[in-house]
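Here's the letter readout for the chains.
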Amino acid sequence: MLSPCASMAKPKLHLLSLLFFHSILLSFFHCTLSLINPEDDPSWIDMESEDINMVQTRRDSWNKCDFSVGKWVFDQSYPLYDSNCPYLSTAVTCQKNGRPDSDYEKWKWKPNGCSIPRFDALEFLGKMRRKRIMLVGDSIMRNQWESLVCLVQGVIPTNRKRVTYNGPSMAFHAMGFETSIEFFWAPMLVELKKGPDNKRILHLDLIEENAMYWKGVDILVFDSAHWWTHSGQTRSWDYYKEGNSIITNMNPMVAYQKGLSTWARWVDLNLDPRRTRVIFRSMSPRHNRQNGWKCYKQRQPLHFFSHIHVPEPLVVLQGVLKRMRFPVYLQDITTMTAFRRDGHPSVYSKAMSEERQKAGSGLSSDCSHWCLPGVPDIWNEMLSALL
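*Asks:* I tried to follow the packing of aromatic side chains on my own but got confused; where do I start?
*Replies:* Both the distance between ring centres and the angle between the ring planes are used here to describe each pair of aromatic rings. Evaluation of the coordinates by the stated rule reveals 16 aromatic pairs. On the basis of an interplanar angle of 80° and a centroid distance of 5.3 Å, the ring pair of Y87 and F172 is categorised as edge-to-face. With Y87 in the loop between β1 (70–74) and β2 (107–111) and F172 in strand β5 (residues 169–174), the pair connects residues that are 85 residues apart, well separated along the chain. Through a chain of ring-to-ring contacts, the aromatic side chains of F184, Y213, W214, F222, W263, W266 and F280 assemble into a single cluster. The residue whose ring lies beneath R118 is Y78, and the NZ or CZ to ring-centre distance is 4.9 Å. Sitting above the plane of the W72 ring, R340 keeps its charged end 4.6 Å from the centroid.

Right, dumping it as structure tokens:
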């Protein structure tokens, strides 16, 4: 008769073999993602409804709930402010610019298995008392900054709030709370400079001219992806530079990885996680197929995706964050935002006659930025919950 230990040997070996096979599959999946060539794969910023990005979030001890997976639910109690907020750019006040529908303001993100608390301005300002929070990145981050300022400004008396400007940064001050909500313009994070013959040089290994503004900030929220994917006439640089080497042509995702690695080294060497919290917000998808008109006349979020597509910039970002010593939280908004092709300004980015809006022809359509109130308000509800 076999002993109890002998009789359990086979199941244990079987379990180990299953675990080994599972790890092999995961390794193969990771390697497959890492080898994606952007020239072989449609750009993540040009997406049909069946080719929207689905991503996995990086879990972190700061947050017990995976906010990245869920669905949009219609909620009549939204929005949390209106387009009369004095801190909104004209380009995102879609109602003022003649957009005829308003349902895009009333969708709330509901994660699977949990919920995001409704934004409470006084609670947020209480958490931020005597603190600086800075949002660093491109115009989509400026979109989010305007949203956050509008979410809090309504509870602050007029004579106790103001906006100041300092070079590439601007700051909203809630003076009674000794709190500042700041935005810093750095779409590539690394330095973009003018060189000989007025050429634009993207220095993949230089960041200090931007980063010196980030020191002493309590909460830093970063984004950077859109500008790296530009090509041709929309590209903001003429050539790359790394050390003394000038590079005229490079795979954009290789350049992105190098730029992010420069940022990651700066964070690892210069910031103390006991004093500063760092969040990196993932990319906000554009809905600009069909010559930029994919978001035109869209009235509701998408309800499902037919298949999973992981955008390569997210794969690159995840790889860089995993190699860092500093605990950076990845705020994954890519999937939830991909549903929202109804939330862009489209042709309603400036005031114009109703006849021209209906005609549509000859007008530019903004399918990258977001109407406010709108989608970025939910990113800030997530941000408040994280803090």
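Okay, back to it.
*Asks:* So what exactly am I meant to see when it comes to the state of the cysteines here?
*Replies:* Think of a disulfide as a covalent bridge from one cysteine sulfur atom to another cysteine sulfur atom. In this structure the tally under the stated criterion is 3 disulfides. Paired by a disulfide, C94 and C371 hold their sulfur atoms 2.1 Å apart. An S-S torsion of about -95° defines the bridge between C94 and C371 as left-handed. Taken together, the positions of C94 in the loop between β1 and β2 and C371 in the loop between α9 (354–359) and α10 (375–386) put the pair 277 residues apart, joining distant regions of the chain. For C371, a relative accessible area of 0% corresponds to the buried category. Between C295 and C367 runs a disulfide, and the two sulfur atoms are separated by 2.1 Å. Judged by the sign of its S-S torsion, about -80°, the bond between C295 and C367 is left-handed. One end of the pair, C295, is in the loop between α6 (289–292) and α7 (312–322); the other, C367, is in the loop between α9 and α10, and 72 residues separate them in sequence. You'll find C295 and C367 in the same group, each marked buried.

*Asks:* For this particular structure, what's the right way to read the sheet that holds strand β10 (residues 239–242)?
*Replies:* Strand pairing in a sheet takes place through backbone hydrogen bonds and is either antiparallel or parallel in direction. Read from one edge of the open sheet, 4 strands run β7-β8-β10-β11, paired in mixed fashion. Taken across any chain shown, the strands that pair with only one partner, and hence form the sheet edges, are β7 (191–194) and β11 (245–247). Sheet twist, expressed as the average angle between the axes of neighbouring strands with direction ignored, equals 30°. Summarising the sheet, β10 and β11 pair through 3 bridges and their orientation is antiparallel.

*Asks:* Is there a simple way to think about the packing of helix α3 (residues 139–153) against α10 in this case?
*Replies:* Helices that pack against each other are described as a pair by the angle of their axes relative to one another and the distance between those axes. Following both chains from N to C, one finds α3 and α10 inclined at 70°, their axes separated by 9 Å at the closest point. Looking at the two axes, α3 sits roughly perpendicular to α10. Judged by residue contacts, I140, N143, Q144, S147, L148 and L151 of α3 engage P376, D377, W379, N380 and L383 from α10. Considering only residue class, the contact of α3 with α10 consists of 6 nonpolar, 4 polar and 1 charged.

*Asks:* Looking at this structure, how should I read the pattern of salt bridges?
*Replies:* Opposite charge on two side chains makes pairing possible when the charged atoms of those side chains draw close. Counted under the stated rule, the structure contains 13 salt bridges. The closest approach of N and O atoms between E191 and K193, which form a salt bridge, is 3.2 Å. Note on K193: relative accessible area 29%, which makes it partly exposed. One salt bridge in this structure joins E208 and K215, with 3.5 Å as the shortest N-O distance. Overall, E208 belongs to the partly exposed group, its relative accessible area being 36%. Within the structure, one salt-bridge network assembled from shared partners comprises R99, D101 and R299.

*Asks:* I'm lost on helix α5 (residues 252–270) in this one. Help?
*Replies:* Since there are 3.6 residues in each turn of an α-helix, residues three or four apart along the chain are aligned in direction. Spanning 19 residues, α5 covers 27 Å between terminal C-alpha atoms, matching the ideal 27 Å at 1.5 Å per step. Every buried residue of α5 is listed here: M253, A255, Y256, G259, L260, S261, T262, W263, A264, W266, V267 and D268. The inward-facing, buried residues of α5 abut α4 (208–211), β9 (219–222), β10, β12 (277–281) and α7. Two or three places before M253, at the start of α5, stands the capping residue N251, its side-chain oxygen 2.8 Å from that residue's backbone nitrogen.

*Asks:* Hey, could you run me through the sheet that holds β5 in this one?
*Replies:* Spatially, 7 strands are ordered β4-β5-β6-β3-β9-β12-β13 in an open sheet, and the strand pairing comes out mixed. On the outer flanks of this sheet lie β4 (161–166) and β13 (329–331), each paired with one strand and no other. Each neighbouring strand pair of the sheet contributes to a mean axis angle of 20°, computed without reference to strand direction. Taken together, the 4 bridges between strand β3 (residues 132–137) and β9 define a ladder with parallel strand orientation. Bridged to M134 within β9 is L220. Most of the contacts of α10 go to β13, to which it runs at about 155°, and overall it touches β3, β9, β12 and β13.

*Asks:* Where do I start with the pairing of β2 in this structure?
*Replies:* Along β2, 4 of the 5 residues are buried, which leaves the element largely enclosed by surrounding structure. Relative to β2, β1 is paired through 5 bridges, and the arrangement is antiparallel. Each bridged residue has a counterpart across the sheet, and for G70 the counterpart in β2 is P111.

*Asks:* What is the right way to read the nonpolar core from this model?
*Replies:* As a rule of thumb, nonpolar side chains are buried together in soluble globular proteins. With 54 residues, the main nonpolar core has F124, I133, W145, F172, I181, M336 and L387 as its most contacted residues. With 8 residues, α3 is the largest single contributor of residues to this core. The residues touching L387, leaving out its near neighbours within four places in the chain, are F124, K127, M128, I133, I219, R277 and I279. The next biggest cluster of nonpolar side chains, apart from the first, holds 41 residues, and it includes V136, A264, F280 and L321.

*Asks:* I keep staring at the pairing of β7 and nothing clicks. Help me out?
*Replies:* Where a strand is regular, its side chains alternate between the two sheet faces. Strand direction decides the pairing type here: β7 and strand β8 (residues 200–203), joined by 4 bridges, are antiparallel. By the bridge assignment for β8, E191 is matched with H203.

Scoring rules and cut-offs
- Residues numbered from 1 in each chain as written.
- Predicted model: local features only at pLDDT ≥ 70, side-chain atom pairs only at ≥ 80, totals over all residues.
- Heavy atoms only, no water.
- Phe/Tyr/Trp six-rings, centres within 6.5 Å; stacked < 30°, edge-to-face > 60°.
- Helix = DSSP H or I, 4+ residues; strand = E, 2+ residues; numbered from the N terminus.
- Lys NZ or Arg CZ within 6 Å of the ring centre and 35° of its normal.
- Disulfide = S-S within 2.5 Å.
- Buried < 20%, exposed > 50% of the residue type's maximum accessible area, 1.4 Å probe, protein only.
- Pairing = 2+ DSSP bridges.
- Axes fitted to C-alpha atoms, helices over the stretch in contact; angles between N-to-C directions.
- Parallel < 35°, antiparallel > 145°, perpendicular 65-115°, else oblique.
- Contact = heavy atoms within 4.5 Å.
- Nonpolar A, V, L, I, M, F, W, Y, C, P; charged D, E, K, R; others polar.
- Salt bridge = Lys/Arg side-chain N within 4 Å of Asp/Glu carboxyl O.
- Expected span 1.5 Å × (residues − 1).
- Polar contact = N/O pair within 3.5 Å; in protein donor to acceptor, adjacent residues only side chain to side chain.
- Core = buried A, V, L, I, M, F, W, Y, C linked by side-chain atoms within 4.5 Å.

None of the figures reported here should be taken as evidence of function without further support.
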